[in-house]
Structures are given as C-alpha cells and as structure tokens.
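What the coordinates show
Residues per chain are reported as follows:
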Amino acid sequence: MDRFAPYVFLRDLASRWDVLAFIVVIGLIAFLGETSRGLFAPLSQLDVVPLSLDPVHLPEYAARTTFRMLAGLLLSLVFTLTYATWAAKSERAGKLLVPILDILQSVPILGFISVTVVFFMSLVPGRVLGAEFAAIFAIFTSQAWNMAFSFYQSLRTIPMELMEAAESFRLSPWMRFWQLEVPFGMPALVWNMMMSMSGGWFFVVASESISVGHTTVALPGVGSYIALAIAQKNLSAIGWAIATMLIVILLYDQLLFRPLVAWVDRFRVEQEPGVRVPDSWALTMMRRSRLIQAATLAFHAAVLWTSRAVKRTDKPIVDAATPKRSSDLVWVSLVIGAVVLGLWHIVWVLIKNTPLSEALHVCGLATLTMLRVFILIALASLVWVPIGVWVGLRPRAAQFVQPIAQFMAAFPANLLFPIAVYGIVTWKLNPDIYLSPLMILGTQWYILFNVIAGASAIPAEMRYAAANFRVTGWLWWRKVALPAILPFYVTGAITASGGSWNAAIVAELATWGNAQVEARGLGSYIAEATTAGDFHRIVLGIGTMSLFVVIINRLFWRPLYYHAERKYRLT
C-alpha cells in the first residue's frame, strides 16, 4: 500500500462519488444543451425536417419531451410556492384564490391548449420557441393545480406547537417559510409532484402534436411520435414508443423522484419505529460528493443572507380596524367588478349566440360523461379498495407494491389507446361502452395510493383491539377498515374523478389511422370542436364541463370529504 501513498492527495481532492456526480452533472448540461438546440429556428424548419417513425430518432425525441416535462414541473413548483402560500397566508386573498384554483382544476387541459396556443405562438412569431411555450404551458396546467392544493392544505394544517416554536425562536416570515413551512409541506408535495408528473405524461400527445383549427404544429417528441404512429396505424412504432417511455420513466424515478422521497423522509413529523427508511443511490451520491455539498452550502448561505436582509418586525397593532375595513371594502369592490365583467362577457359572447337546443344538447352530453365517471369510480373502488387495505396493513407488501404502483401511475395510459381502438374497430364493439374504461386507466391509481396510505395509518392499538374482540368479516370492514380509510379514499376519489373528466376528451374520441371511434359525451364534443377550430363550441364545452365538475365537487365530494374528516379522522 506504500507505493500508492504519493497519490493519496487525489482521494482527498475527489472521491468516487465526486467522479460520479461530475459525470451526472456534465450529462445534464449536455442534455439541456442538446434539447435547447433549434428553439429559435423558424417554424418552417419543422416541415423541412419532418418527424420520422424510425426508432433511431426516439432518444432525441425522448430528450425533448423530458426537457418539456422538467420545465413544466419547475414552473409548477414556482407557482405552488407562491400562489398556495399567498392563498394560505392571506385570509382575504384566500377567499378568491382558492375558488379560482378549484375552477382552474376543473378546466380540461385540451381547453387550455385551444385558447392559449395562438397567444403563445404570437409571442415569438414564426419561431419554434412559441410552440414550445404552448406545449410547456399545457404540461404546466396538468401539474400545477394538484401541487398547489397539496401545499395549501399543508400550510393550513401546520401543528400549533410548531408555529409556537417558530414564534419563540423569533423567526422572520421568510425564515419561517424555509425552516418550517416548506419542510412541513414537502413530503406531501413530493408525492403530489409524482402524481402531477403522471398527469403530464397522459397529455403529452396533445401538448406536442397541437392541432387547433388551421393551426397544426408537431414538435419533435415522444408525444408527436405517438400521434404520427396512430395516424399511420403503425403498431411496431407504438411498441417502440412504449419501450422508450418505460426507460424514461425509470430514469425519472432513479434520478429525481427516488432521491426526493428518500430526502423528504427526514421532514416527516411522526417517525414510526421499525419502519424501513427509504434510500437512493443518487441521494447518497449527492450527500457524499464535495461538489454538490459546495452547491448546497451556497444555497443555504443565500437563504440565510436573505433571511437576515428581511428583518422581523414586531409592531403592535394599534387602531388597525379602520384601515382593515377600508382595504376589505376596496378588495370586495375589485372582486365584484371582476365577477360582473366576467358574467357580462359570458352573457354577451356565449349565451347570446347559443341556441337553447344546443345548450340542452351539451348538458345532455355532460350528463352522459358524468354517468361514465361515477360508474368507473365505483368499479375502480370495488377493485382497489380491498387491495389497498390488504397492502396497507402489511408493511413488507407495501414496500414491494408501492414502487410498482408508482411506476404504473407514471406510465401514460393513452399509449394503450391505439390498441383499444384497434380492438373496437376489428371486433365492431360498442364505443359508448368499450371506450369508457380508457377514462379511468390513468386516474385509478389515485384511489389505490390514498387507500394504501389510509390503511397504513390505522393505529396498531385499533387493529389489536379488533383482533381481541374477534371482529372479523364484514363487521371488521364496516367498523374498522372503511371508517379508517374513508378520509383518504375520498381524497383519492376526488382527484380520480377530476382526472377522468379531463381524460374524457382523449378517451371519448379516439383514432386509429383513418378509423375514428367516438363515444357520445362532452369529451368528444370538445375534441371535435377543437379539431374544427370552432371557438364558440370550445368555450361552450369547456364552460359546461367546468360547471358540472364544480357543482359535483360542491354538492357531493366536498360535503362527503368534510363528513369523513370530521367523523372518522383518527388524529
């Protein structure tokens, strides 16, 4: 070993983890440089170099799609940390921001594309960058609302003792945000980031292969590759796309989500003894690499510097009632003015030009889609609730099943649509029935995940008491399992219901080459209006869908959620 003594300084300079981190960082820089190439090229360049179904191009297409997904996720995270914080901290603003977020969540992603594609392309006229903006914004709309709701709920449920501890340490609002609020909400936020990423994959085809009226843009990516394969009825190309997506999702899991899950485990408020701590080789690399440690220290120093710059003010509240009343009056006046202006615009543009027969027809189509959603949620619940309870009560099984379920949730279910359409066309099946399950393929996992979380949260004392009193069979389900998981199940069912409404636009009107399979419903109505570029019908369909989703949430899901939380919450 003495002959290696002169080279010991190399080990102190850079360990094997530094070498690995250097390779990963350089790879990411090269990846970003390659994917950003051609952003300022003219749109005509897309016609000069058309899409190809040759599998050789799939690595490049996958890189472009991955870049758009990362950009959408980053924008969603920035939106979450600002919008949700504002809504949670300001009671006055929250009364308006939360309903707006609820409405935005009910608007279908394809509706955002239809309305915003012209705007984004006009920002950079004649350039590919404008179409990239439109695609990234479409992915953003499939991710942001879920993440914002998650962080908002976390900020509203911070334990009082933690708030009192932050107050006793005299933390400034900025420091409290980074030292208490963000760490407390991070576990739930990371979980919802994974779910939001799944939603982004689901609509990657619509975001990359944009077709609204006379505007047709096919950006290089896996989504546009799938759209071209469907148009040419190329099953082998669909198979190559599925294999590529499996690899991309695996890389996402290993390099992004697995390290995040292992890292945020330190922020859990309740640490249960005997539970296996999640680990990740990528997180180990980051923790042991001197390069990444230096970057982490620089970030902490920046946060500390900004926290010192934002001083804490302890001003007594003196005669604040009058200014508050005047500011409330100004705020309410602005809100009323905005609502009146919006209602006038809706009446003038939409209702004035919509015959009563067409309005009733659209409401009837929405009713058909609503029935499909409720039936599918009920069937998915019958399947996944027993499985989720069984897995949640067995920690070893949960550690094995959860990664598989996360992988299945991240897989874009619309990749399987061409196979389903091919079967419906070949065997001449009824589209109204056999297209319906496609609406729940990508959203059923919300039910499974939440039921597993609810079952794993059942206290051991409750399980032991049920065993001692010999409570088994249906009595055990009725008195122990179902009440314990009901709040978690309702949360998953609400998310699955909203996702199914969104998926209806893709699922109720599917194509395979020249063959088009259509199920009667509001989703196919919006899809046809978008293809035709009929702005009036697009707005009418989107408005009707949003109205139905909001009414169902307010009259059914929200009361059920409050009832479950108030009566059956274990903590």
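In short, a report on the structure.

Reading guide: rules and limits
Residues numbered from 1 in each chain as written. Predicted model: local features only at pLDDT ≥ 70, side-chain atom pairs only at ≥ 80, totals over all residues. Heavy atoms only, no water. Patch = residues over 30% accessible without salt bridge, like charges linked within 9 Å, V, L, I, M, F, W, Y side chains within 5 Å. Areas by Shrake-Rupley, 256 points an atom, 1.4 Å probe, with all protein chains shown as cover. Salt bridge = Lys/Arg side-chain N within 4 Å of Asp/Glu carboxyl O. Helix = DSSP H or I, 4+ residues; strand = E, 2+ residues; numbered from the N terminus. Buried < 20%, exposed > 50% of the residue type's maximum accessible area, 1.4 Å probe, protein only. Axes fitted to C-alpha atoms, helices over the stretch in contact; angles between N-to-C directions. Left-handed = near helix turned anticlockwise from the far one by under 90°. Contact = heavy atoms within 4.5 Å. Nonpolar A, V, L, I, M, F, W, Y, C, P; charged D, E, K, R; others polar. Expected span 1.5 Å × (residues − 1). Core = buried A, V, L, I, M, F, W, Y, C linked by side-chain atoms within 4.5 Å. Polar contact = N/O pair within 3.5 Å; in protein donor to acceptor, adjacent residues only side chain to side chain.

1. Quick word on a nonpolar patch on the surface
Nonpolar side chains collect at one region of the surface, where Leu368, Leu371, Ile375, Leu379, Leu382, Val383 and Ile387 lie side by side and expose about 630 Å² of accessible area between them. One can find isoleucine 387 in helix 17 (residues 356-392).

2. Considering helix 24 (residues 522-532)
The buried count for helix 24 comes to eight of 11 residues, which makes it a mostly enclosed element. Among the residues of helix 24, Leu522, Gly523, Ser524, Tyr525, Ile526, Ala527, Ala529 and Thr530 are the ones counted as buried. Positive backbone phi, at 70°, marks glycine 533, one or two positions downstream of helix 24.

3. Quick word on the packing of helix 5 (residues 91-106) against helix 8 (residues 144-156)
As a packed pair, helix 5 and helix 8 sit with axes 10 Å apart at the nearest point and diverge in direction by 145°. Helix 8 is crossed by helix 5, and the crossing has left-handed handedness. Facing helix 5, whose interface residues are Val98, Leu101, Asp102, Leu104 and Gln105, helix 8 presents Trp145, Asn146, Ala148, Phe149 and Tyr152. Of the residues contributing to the contact of helix 5 with helix 8, the split by class is seven nonpolar, two polar and one charged.

4. Here we look at helix 7 (residues 128-141)
Between its first and last C-alpha, helix 7 extends 20 Å over 14 residues, near the 20 Å set by a 1.5 Å rise per residue. The element helix 7 is extensively covered by neighbouring structure, given that 12 of its 14 residues are classed as buried. What helix 7 keeps buried is the set Val128, Leu129, Gly130, Ala131, Glu132, Ala134, Ala135, Ile136, Ala138, Ile139, Phe140 and Thr141.

5. Points about the pattern of salt bridges
By the definition in use, this model includes nine salt bridges. With its nearest N and O atoms 3.2 Å apart, the salt bridge here joins glutamate 132 to arginine 64. Here glutamate 132, found in helix 7, pairs with arginine 64, found in helix 4 (residues 58-89); they are 68 residues apart in sequence, far enough to count as distant. A relative accessible area of 9% means that arginine 64 is categorised as buried. As a salt-bridge pair, glutamate 508 and arginine 372 come within 3.1 Å of each other at their nearest N and O atoms. Residue glutamate 508 is found in the loop between helix 23 (473-507) and strand 3 (509-512), and its partner arginine 372 is found in helix 17; the two are separated by 136 residues along the sequence. According to the relative accessible area criterion, glutamate 508 is buried, its value standing at 2%. A cluster of three or more residues bridged by salt bridges with shared partners is formed by Arg64, Arg68, Glu132 and Glu208.

6. A closer look at the nonpolar core
Of all hydrophobic cores here, the largest spans 140 residues; its most connected members are Tyr489 and Trp501. With 15 residues, the single largest contributor to this core is helix 23. Those residues within four positions of tyrosine 489 in sequence are excluded, and the remaining contacts are Ile377, Ser381, Val385, Ile447 and Val451.

7. Some remarks on the side chain of glutamate 208
By the secondary structure assignment, glutamate 208 is in helix 11 (residues 204-208). Of the polar contacts made by the side chain of glutamate 208, one reaches the side chain of threonine 65; its length is 2.7 Å. Separated by 3.3 Å, the side chain of glutamate 208 and the backbone nitrogen of valine 222 make a polar contact. In this view, glutamate 208 contacts Thr65, Arg68, Val217, Ala218, Leu219, Gly221, Val222, Gly223 and Ser224; residues no more than four positions away in its chain are not counted.

Function cannot be inferred from these measures alone, as they are strictly geometric.
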